[in-house]
There are 2 protein chains.
Amino acid sequence: MENVLATQLLELSQLIRKARQQWLRERPDVPIGTVSILKLIDEIGTAADGGCHAKDLAERSGLDPSTVSRAVAAAVGQGLVERRVDNADRRASTLALTPAGRDLLAAASAWFSALIGRALADWPAGDAERVSCDLGRLVAAFSAVLEETHTLEAAR
Amino acid sequence: MENVLATQLLELSQLIRKARQQWLRERPDVPIGTVSILKLIDEIGTAADGGCHAKDLAERSGLDPSTVSRAVAAAVGQGLVERRVDNADRRASTLALTPAGRDLLAAASAWFSALIGRALADWPAGDAERVSCDLGRLVAAFSAVLEETHTLEAAR
DNA sequence: GCGCAAACTTGCCCAACGCGCAATATTGAT
DNA sequence: ATCAATATTGCGCGTTGGGCAAGTTTGCGC
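The model shown is predicted, which means the values in this text are computed figures rather than measured ones.

**Q** Lay out the overall build of chain A with the relevant residues and their values.
**A** What chain A contains, in helices and strands, is six helices and three strands. Along chain A, from the amino end to the carboxyl end, the secondary structure elements read α-α-β-α-α-β-β-α-α. Seen through its C-alpha atoms, chain A measures out along the principal axes to roughly 50 × 45 × 25 Å. A total of 156 residues make up chain A; the buried ones form 44% of that total. When the accessible surface of chain A is split by element, carbon and sulfur atoms take 55% of a total near 8,000 Å².

Laid out in structure tokens, this is it:
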């Protein structure tokens, strides 16, 4: 069973790579990583009281803090993200999307959603919901085990 | 709905990246791409009459033919894969795993399966099967739409 | 036999994504 | 005052993969 899942996950990762390449061909000005960053800033910023900090971003994305900082700097340079000192903790930066960043995120979301929509076009009603539910469980299960592995390594 | 799925797929791709990095930390001698290549050679070789050709590999993996050729050359150099002229079409190479390649593939499969097993350890019986079934449908749906997109582009 | 295409390989150079270390500055907590 | 947290930036590197060009050999149809 696990072997079947491993194969499916390998296939899925290959498909995701193809989708990303497709995006890149259509939008060479926007690295896919920027889209991920924008999305996470939006989500975290919406959910968290103090807004989105670089540290949150690094944790959520699993990227190295220096990578996150540089990605944010690039997005700031492109006018997609703004950085402000957090008054509650002046060591930290609060990250937020600019209107341009919002527009780009909306466009990217529409692009990926359209792709997914085409894939699921002839699915019976309710199937997408069920698959999404299962995918959510899978994501949660993996998050837990990979987080645990990461924690064990940090303890070394 | 599609937006939820897009988010989940982004999260899943990040988790897959973490798993791959974990593998790389534990097995720096074995690029993850080599594992994928070995796996595909094994699958295609098992399923196809004439064995596995580089062209099959490129199609299945979505990698550029030159990339595939180089990856195969590296695997041959590491004694994991052997290349033979296909007598049915002497332009083509038939790729097959060596015993060492088989061992490595088995080890990698065990590694990833163990990871997945830990993630699903406390799932109720039958749930993994259901999720796998749903994942298979998702993979098939995406394959179809991305293949179609790829075909349209080739026609340009 | 010829011409074209298929199958593949290799050299070369590049792109995209990400890591990690070191150094630095500022702020927060004790 | 000391130490840790938060973040940033420079630098150099690693991993994965693309694409072009050129070349060789073989297969196929005329």
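On we go.
**Q** Go over the interface of chain B and chain A, please, and point to the residues and values.
**A** If you look at the interface, chain B gives 61 residues, while chain A gives 61 residues. Among the residues chain B hides against chain A, the three largest losses belong to Ile116, Arg137 and Leu146 of chain B. Together they make up 10% of the total. Counting every contact that joins chain B to chain A gives four salt bridges. Where chain B meets chain A, there are twelve residue pairs in polar contact (both at pLDDT 80 or more). Listing elements by their share of the side of chain B that touches chain A, those giving two or more residues are helix 1 (2-26), helix 2 (32-47), helix 3 (54-61), helix 5 (99-119) and helix 6 (127-154) of chain B.

**Q** So what's going on with the pattern of salt bridges? Residues and values would help.
**A** Evaluated as defined, the whole model comprises 16 salt bridges over all chains. With its nearest N and O atoms 2.6 Å apart, the salt bridge here joins Asp127 of chain A to Arg137 of chain B. Of the two residues, Asp127 of chain A sits in helix 6 (residues 127-154) while Arg137 of chain B sits in helix 6, which places them in two different chains. Look at Arg137 of chain B and you get partly exposed, because its relative accessible area is 26%. The shortest N-O distance in the salt bridge between Asp29 of chain B and Arg27 of chain B comes to 3.3 Å. Residue class for Asp29 of chain B comes out partly exposed when judged on its relative accessible area of 45%.

**Q** I'd like to hear about the packing of aromatic side chains, residue by residue, with values.
**A** As enumerated under the stated definition, the model contains six aromatic pairs over all chains in all. On the basis of an interplanar angle of 75° and a centroid distance of 4.8 Å, the ring pair of Trp111 of chain A and Phe112 of chain A is categorised as edge-to-face. Each member of the pair Trp111 of chain A and Phe112 of chain A is classed as buried. Lying over the aromatic face of Trp123 of chain B, Arg137 of chain A brings its terminal NZ or CZ to 4.3 Å of the ring centre.

**Q** Let's hear about the nonpolar core: which residues, and what values?
**A** Grouped together as the largest cluster of nonpolar side chains are 90 residues, with contacts concentrated most on Leu57 of chain A together with Leu57 of chain B. Residues within four places of Leu57 of chain B in sequence aside, it is in contact with Ile37, Leu40, Ile41, Ile44, Cys52, Val68, Val72 and Leu95 of chain B.

**Q** Describe the domain arrangement of chain A, naming the residues involved and giving the relevant values.
**A** Once the domains are mapped, chain A shows domain 1 (2-122) and domain 2 (124-156). Summarising the inter-unit geometry, the C-alpha centres of domain 1 of chain A and domain 2 of chain A are found 18 Å apart.

**Q** Run through the protein's contact with DNA strand C, naming residues and quoting values.
**A** If you check the shell around DNA strand C, you find 25 residues, and the closest are Arg70 of chain A together with Lys55, Ser69, Arg70 and Arg83 of chain B. By atom count, sugar and phosphate contribute 66% of the portion of DNA strand C lying within 4 Å of the protein. At a separation of 3.0 Å, a phosphate oxygen of DNA strand C approaches a polar side-chain atom of Thr67 of chain A. A per-element tally of the surface near DNA strand C places helix 4 (residues 65-77) of chain B first, with four residues. Partitioned by chemical class, the residues of the surface near DNA strand C number seven nonpolar, eight polar and ten charged.

**Q** Talk me through the relation of the copies chain B and chain A; I want residue IDs and the actual numbers.
**A** The operation linking the two copies of the chain is a rotation about an axis combined with a translation along the axis. Once chain B is rotated about the relating axis by 180° and shifted along it by 0.0 Å, it coincides with chain A to within an RMSD of 0.0 Å. This pairing of chains is accounted for by a two-fold axis. Every residue of chain B has its C-alpha some distance from the rotation axis, and the shortest such distance is that of Ser13 of chain B, at 3.3 Å. Interface overlap between copies: 100% of the residues of chain B at the interface are likewise at the interface in chain A, consistent with a symmetric, same-surface contact.

The rules behind these values
Starting from 1, residues in each chain are numbered consecutively following that chain's sequence as written. Each chain takes a letter, starting from A, and each ligand takes a number, starting from 1, following the order in which they are written. Whole-chain, interface and lining totals are the exception, using all residues; otherwise, since this is a predicted model, local features are given only for residues with pLDDT of at least 70 and side-chain atom pairs are given and counted only at 80 or more. Water and hydrogen atoms were dropped before computing side-chain values, which therefore reflect all heavy atoms in the structure. By definition, any uninterrupted DSSP run of H or I lasting at least four residues is a helix, any uninterrupted run of E lasting at least two residues is a strand, and each is numbered from the N terminus. Relative accessibility thresholds used throughout: buried, under 20% of the residue-type maximum; exposed, over 50%; partly exposed, between the two (1.4 Å probe, protein chains only). Areas reported here follow the Shrake-Rupley algorithm with a probe of radius 1.4 Å; residue values treat only the protein chains shown as occluding. For this analysis, residues touch if any pair of their heavy atoms sits within 4.5 Å. Note on terms: buried area is the combined drop in 1.4 Å-probe accessible area of two parts once they are placed together, counting the loss on both. Whenever a carboxyl oxygen of Asp or Glu lies within 4 Å of a side-chain nitrogen of Lys or Arg, that contact is scored as a salt bridge. Pairs of N or O atoms within 3.5 Å make up the polar contacts considered here, provided that, within protein, one atom can donate a hydrogen while the other can accept it, and that residues adjacent in sequence are counted only when both atoms are side-chain atoms. Stacked, tilted and edge-to-face pairs are distinguished by plane angle, under 30 degrees for stacked and over 60 for edge-to-face with tilted covering the rest, among Phe, Tyr and Trp rings (Trp via its six-membered ring) whose centres lie within 6.5 Å. Charges are assigned to positions over rings by a cutoff of 6 Å between ring centre and Lys NZ or Arg CZ, combined with an angular limit of 35 degrees from the ring normal. Here the nonpolar core consists of buried residues drawn from Ala, Val, Leu, Ile, Met, Phe, Trp, Tyr and Cys, with membership extended through side-chain atoms lying within 4.5 Å. The domain boundaries here were taken from an automatic or database domain assignment. Near residues are defined by distance, with any heavy atom within 4 Å of the molecule or strand qualifying the residue. Residues are grouped as follows: Ala, Val, Leu, Ile, Met, Phe, Trp, Tyr, Cys and Pro are nonpolar; Asp, Glu, Lys and Arg are charged; all remaining types, including Gly, are polar. Least-squares fitting of one copy onto the other uses the C-alpha atoms of those residues that reach a pLDDT of at least 70 in both copies.

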